[in-house]
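Fold and contact review
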Amino acid sequence: MKSLAEQVLKSDLHSISRALSTVENRKEGYLDLLDDLYKKGKPSRVIGVTGAPGVGKSTLVDVYINELVARKKKVAVIAVDPSSPFSGGAILGDRIRMKSNYDNVFIRSVATRGAIGGVSDSVFNMIVIFRAAGYEYIIIETVGVGQNEISISRLSDITLLIMSPGSGDDIQMMKAGIMETGDIFVINKSDYPGADEFETFLRSSFTDINNKIIKTSAKNGQGVKELVTLVDSIYEAENDKIKKKGKAILKEGLKYLLLHEMSQKVDEVINHASLSLDDIINGSKSPYSEMKRLLKGGFLKW
Amino acid sequence: MKAKIRVLIAKPGLDGHDRGAKVVARALRDAGYEVIYTGLRRTPQEIARMALEEDVDVVGLSLLSGAHNELFPAVIAELKKTGLKDVVVFGGGVIPEEDIPFLKKNGLGAIFTPGTPLQTIIDFIANNVKPR
Amino acid sequence: MKKAEWLEKYKKTLEKFPERKKEFLTGSATSVNALYTPEDIGNKIDDLYSDKIGFPGEFPYTRGVQSTMYRGRFWTMRQYAGFGDAEESNKRYHYLLNSGQTGLSIAFDLPTQIGYDSDDPVCKGEVGKVGVAIDSLKDMEILFKGIPVDKVSTSMTINAPAAVLLAMYIVNAEKQGINRKELTGTIQNDILKEYIARGTYIYPPAPSMRLITDIFEFCSKEVPKWNTISISGYHIREAGSSAAQEVGFTLADGVAYVDAAIKVGLGVDDFAPRLSFFFNSHNDLLEEVAKFRAARRIWANIMKNRFKSKDPKSMRTQQIIAEESGITNTVDPLAGSYYVEALTDQIEKVAMEYIQKIDDMGGVVKAIERGYIQKEIQDSSYKYQQSIEKKERIVVGVNKYTMEEKTKGELLRVNPAVEAKQVEKLRSVKASRSNKDVELRLAKIREAAKGNENLMPPIIDAVRDYATIGEICGVMREVFGEYKERIVI
């Protein structure tokens, strides 16, 4: 692990890739690796990108990456896709629309693997790896309407909520409370009819978003330079807000780390010899009394 | 924790027929693998780069345009250049039987010609990928 | 219409277009009539029959595009051919024409289909493999050396750069002293199915549609005998769609093309007669028969009701039909079969639902952007594959009655030297032409692409000065951009 850590710090691509797998698969020693690399991580900007399918997220991320590369930045992208609840497998296709053969761009596809919260709980750990490898911008991209958006926003400094006029999904998102997760609302496909009306509608529905709506047309390359600049300006101008978010992110990350460890323990406890399902069935015990007993019984050790 | 097997399904060259690649991708997903599909018109360099970033265990190459003798070895060469020597590579598409020995000699672990049951491919991966 | 009335019309048609044979007989030498209707089994022809089934050669064309169908003549039988370089393919074409073929069907290699020159690095390994490599007019001249294009009809399976290949064909004819107004043939020119099923696209949908309508407009005036599009269902079916999807998506594409042409000011009756369709002939015979019948009927109704065509001649189709089974002895032999009529209605219903759904999305281009059509096809394709794996569907030789012995066929190997030869040819063409003129011609194309003028004339001019396909398509790539596929699995 030590040599792997060294190589990651040197930005060796193969090592970064293997380190990402190591933490994703929780291989022996992965926590030590992360502990080591966390301390040596360089500052980076973590930007979450979410939105309903079809709004042009991946295309937008591609153009965003190009702009960052033009500004001589190193960019990592974590593209999250859902795992099949039936087979546990996944098809990861977000990266196709992103050009990845730049030397200072690293794109990694990640499956949710049935994680609590909808997004892979490894994302937090992967960010640590990318930080250590010197990626100044880390973009986390996920599709969907629902859990994913909320989880992503909790791990990102700034969240871009991508929408497009007439997609019809805006109503869905408002119902699901997604809108609150976005720091910047990006109206993509702004060359389509209805873009201006949509912007008006957004401004009237949400009171606190005056300077946080921006129109883009990813496929025409319009508005993206402005978006990149806007994001950077928030880091510069609203540093307190970013710091505050940073604390919340740490809490969220810790929560995931703890939840994972605990869920392992729960699995052990459920299978503990002293748990008598027969007793519950014949009525002499209840699930609730058993739960209390197991919690107090000192079986949960770590 | 058991590591998931990650597979890159790639379309090298200019061939636009993706029915097979997509059917295989789906089947592998249903078998519990994580599949990254590259989309059309990938160069050997792009494929190797993706394999590197995604740290895949397996790369599957699909080609129906007859350019396999040039492009499959080119992909293998790029994979080696990137340092990925343990990756298992298989191919499929319109590939004559008589070309298979040459391709195998050049690093392909298997070639699955039309009519191959999907289970054969799934089993090949299960039997040839060393657990991490 | 009653049968007697139709027979009168039919007899008149025979005076101009006689049947293949004097008499058509069954295997047991019983005479076979041209057409059978309910009247032939003692029933009446009612409104239901007249409106939905009708007569061959009469609206809604369920029973056939022409009154005589295969009793009149078989379709032009073409062998899709082309490989290696133009010299080799030219030899092949002479051979085919000498063996009695009446038309040519050109297969181009992938670099040509995608608008690249043979020396482009992305073409490594692909030159001359799936068809002939054409980089410039020089190759076209070699390809058609000694072939009288005023007498031979040529079908070119080319889509994204169809304008360039058509331009080369026209200029080559010009050099042979043949007036473009005499040229007959087809270009496939169906870009929508490329996004859906075939994958050899270059530009995004909007500029691609513009190129297509430019070709419609240009040819309606300059090359009037040329079929400017072959709206294809073949590839959609090969990609795994069902029969109803094949019809629904292909006709939706047809609607998109007619819409586009009307939008740029073309009259529907000016270009509609030159629209042709290209469907698959798949395994389930009766379903396929029902499919063709449904397709004809739907399109006739679309042309008449949706586009108000004054002469809603139905679709002209290309497919290959068996010669020896006797099926071609009478027109639409399976009409009246409860199964076939019900299946025809069923396919029509499902296909119309797809067309409606696509309309609701705003048309085929929007549907493609959303990945809707691609997903439908992939779902069908995956289901099909699973049914084979589970042996719910038997494919003889694949999952049942398989043989261990390997059949050794004769393989055609494309000479790998073709690629090097083509690169050398390119160098020589570029050395012997006026590069200054080519620059000017390319600039004209760039200008036209940015504006609204028809692209055919400047492309023809560039082709004549030996601009390469990579150069011409490259200029358009600059202006139009490249299509990025929407991945749907």
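Some details on the overall build of chain A
Each helix and strand in chain A was counted, giving 12 helices and eight strands. Sorting the 302 residues of chain A into buried and exposed places 52% on the buried side. By sequence separation, contacts in chain A at least 24 residues apart represent 76% of the contacts at least 6 residues apart. Put simply, chain A shows about 13900 Å² of open surface, and 55% of that area lies on carbon and sulfur atoms.

Things to note about the overall build of chain C
A count of helices and strands for chain C gives 20 helices and eight strands. Here chain C has a C-alpha radius of gyration of 24 Å; the compact-globule value for 489 residues is 23 Å, and the two agree. With respect to the three principal axes, the spread of C-alpha positions in chain C is 75 × 55 × 50 Å. Per-residue burial over chain C gives 56% buried out of 489 residues. Of the contacts made within chain C by residues no fewer than 6 positions apart, 77% connect residues no fewer than 24 positions apart. Only carbon and sulfur atoms are counted for the fraction: they give 52% of the accessible area of chain C, which is about 22100 Å². A gap of 1 Å separates the mean positions of the 70 positive and 69 negative side-chain charges of chain C.

A short note on the pattern of salt bridges
Under the counting rule described, the total for this entry stands at 71 salt bridges over all chains. The partner of arginine 210 of chain C in a salt bridge is aspartate 214 of chain C, with the nearest N and O atoms 3.0 Å apart. Taken together, the residues arginine 210 of chain C and aspartate 214 of chain C, both in helix α9 (residues 205-222) and four residues apart, mark about one turn of the helix. Here arginine 210 of chain C falls in the buried class, since its relative accessible area comes to 16%. When salt bridges that share partners are traced, they join Glu24, Arg95, Arg108 and Arg113 of chain A together with Arg6, Glu34, Arg49, Glu53 and Glu54 of chain B into one network.

Regarding the sheet that holds strand β2 (residues 34-37) of chain B
The parallel open sheet is built from six strands, whose spatial order is β3(A)-β2(B)-β1(B)-β3(B)-β4(B)-β5(B). Two strands close off the open sheet at either side, each with one partner strand: β3 (90-92) of chain A together with β5 (110-112) of chain B. Neighbouring strand axes in the sheet, compared pairwise and without regard to direction, differ in orientation by 25° on average. Pairing geometry for strand β1 (residues 6-10) of chain B and strand β3 (residues 58-63) of chain B, over four bridges, is parallel. Among the inter-strand pairings, isoleucine 9 of chain B is bridged to a residue of β3 of chain B, identified as glycine 60 of chain B.

Here we look at the interface of chain B and chain A
Tallying the contact residues gives 28 residues for chain B and 29 residues for chain A. Buried area between chain B and chain A, summed over both chains or domains, comes out near 2400 Å², and the portion from carbon and sulfur atoms is 49%. Applying the counting criterion to the chain B and chain A interface returns three salt bridges. Residues glutamate 54 of chain B and arginine 95 of chain A are paired through a salt bridge, measuring 2.6 Å at the closest nitrogen-oxygen approach. Where chain B packs against chain A, one counts 17 residue pairs in polar contact (both at pLDDT 80 or more). Elements with a contribution of two residues or more to the side of chain B that touches chain A: α1 (19-30), β2 and α2 (44-54) of chain B. The leading source of residues in the side of chain B that touches chain A is α2 of chain B, at six residues.

Quick look at the environment of glutamate 15 of chain C
Checked against the element boundaries, glutamate 15 of chain C lands in helix α1 (residues 3-16). On a C-alpha basis, the gap between glutamate 15 of chain C and valine 350 of chain C in space is 40 Å, while along the polypeptide they are 335 residues apart.

Some details on the nonpolar core
The biggest cluster of nonpolar side chains holds 155 residues, and the ones touching the most others in it are Leu28 and Ile125 of chain B together with Met156, Ile373, Ile459 and Ile472 of chain C. Discounting residues that sit within four places of it in the chain, leucine 28 of chain B has contacts with Val7, Ile9, Tyr33, Val35, Ile121, Ile122 and Ile125 of chain B.

Here we look at the interface of chain C and chain A
The interface is formed by seven residues belonging to chain C together with six residues belonging to chain A. Taken over both partners, the interface formed by chain C and chain A buries close to 630 Å², and the fraction arising from carbon and sulfur atoms is 55%. Contact with chain A buries surface across chain C, with Lys484, Arg486 and Ile487 of chain C losing the most and accounting together for 59% of the total. Linking chain C with chain A are one salt bridge, by the criterion used here. Ionic pairing is found between lysine 484 of chain C and aspartate 62 of chain A, a salt bridge with its closest N-O pair at 2.7 Å. Counted by class, the side of chain C that touches chain A contains two nonpolar, no polar and five charged residues.

A closer look at the side chain of histidine 68 of chain B
Within the element layout of this structure, histidine 68 of chain B appears in helix α3 (residues 68-81). Setting aside its immediate chain neighbours within four residues, histidine 68 of chain B contacts Leu63, Pro73, Val94, Ile95, Pro96, Asp99 and Leu103 of chain B.

With respect to helix α2 (residues 13-24) of chain A
Residues and elements named next belong to chain A. Counted at 1.5 Å a residue, the expected span for α2 with its 12 residues is 16 Å, and the 17 Å between its end C-alpha atoms agrees. Considered for burial, the residues of α2 that qualify are Ser15, Ile16, Ser17, Ala19, Leu20, Ser21, Thr22, Val23 and Glu24. Residue arginine 26 follows α2 closely and has a positive phi angle near 50°.

Structural notes on the packing of α2 of chain B against α3 of chain B
Residue and element names in this part refer to chain B. It is at 8 Å that the axes of α2 and α3 come closest, and there the two elements cross at 45°. With respect to their mutual orientation, α2 and α3 come out oblique. Regarding α2 and α3, the two cross each other, and that crossing is right-handed. Facing Pro44, Gln45, Ile47, Ala48 and Ala51 of α2, the residues of α3 in contact are Leu71, Ala74, Val75, Glu78 and Leu79. Residue classes in the contact of α2 with α3 are distributed as eight nonpolar, one polar and one charged.

Some remarks on the domain arrangement of chain A
All names here are of chain A. Domain boundaries in chain A define domain 1 (40-237) and domain 2 (252-296). Taken residue by residue, the interface counts nine residues in domain 1 and seven residues in domain 2. Summed over both partners, the interface of domain 1 with domain 2 buries about 660 Å², with 69% contributed by carbon and sulfur atoms. Here arginine 154 ties to glutamate 252 by a salt bridge, and the two come within 3.9 Å at their closest N and O atoms. The interface formed by domain 1 and domain 2 includes zero residue pairs in polar contact (both at pLDDT 80 or more). Among the secondary structure elements, those contributing two or more residues to the side of domain 1 that touches domain 2 are α5 (123-132) and α6 (147-155). Of the residues assigned to the side of domain 1 that touches domain 2, the class counts are four nonpolar, three polar and two charged.

About the criteria used
Residues numbered from 1 in each chain as written. Chains lettered and ligands numbered in written order. Predicted model: local features only at pLDDT ≥ 70, side-chain atom pairs only at ≥ 80, totals over all residues. Heavy atoms only, no water. Helix = DSSP H or I, 4+ residues; strand = E, 2+ residues; numbered from the N terminus. Buried < 20%, exposed > 50% of the residue type's maximum accessible area, 1.4 Å probe, protein only. Contact = heavy atoms within 4.5 Å. Areas by Shrake-Rupley, 256 points an atom, 1.4 Å probe, with all protein chains shown as cover. Rg over C-alpha atoms; globule rule 2.2 N^0.38 Å. Lys, Arg positive; Asp, Glu negative; His and termini not counted. Charge placed at Lys NZ, Arg CZ, Asp CG, Glu CD. Salt bridge = Lys/Arg side-chain N within 4 Å of Asp/Glu carboxyl O. Pairing = 2+ DSSP bridges. Axes fitted to C-alpha atoms, helices over the stretch in contact; angles between N-to-C directions. Buried area = accessible area lost by both parts, 1.4 Å probe. Polar contact = N/O pair within 3.5 Å; in protein donor to acceptor, adjacent residues only side chain to side chain. Core = buried A, V, L, I, M, F, W, Y, C linked by side-chain atoms within 4.5 Å. Nonpolar A, V, L, I, M, F, W, Y, C, P; charged D, E, K, R; others polar. Expected span 1.5 Å × (residues − 1). Parallel < 35°, antiparallel > 145°, perpendicular 65-115°, else oblique. Left-handed = near helix turned anticlockwise from the far one by under 90°. Domains from an automatic or database assignment.

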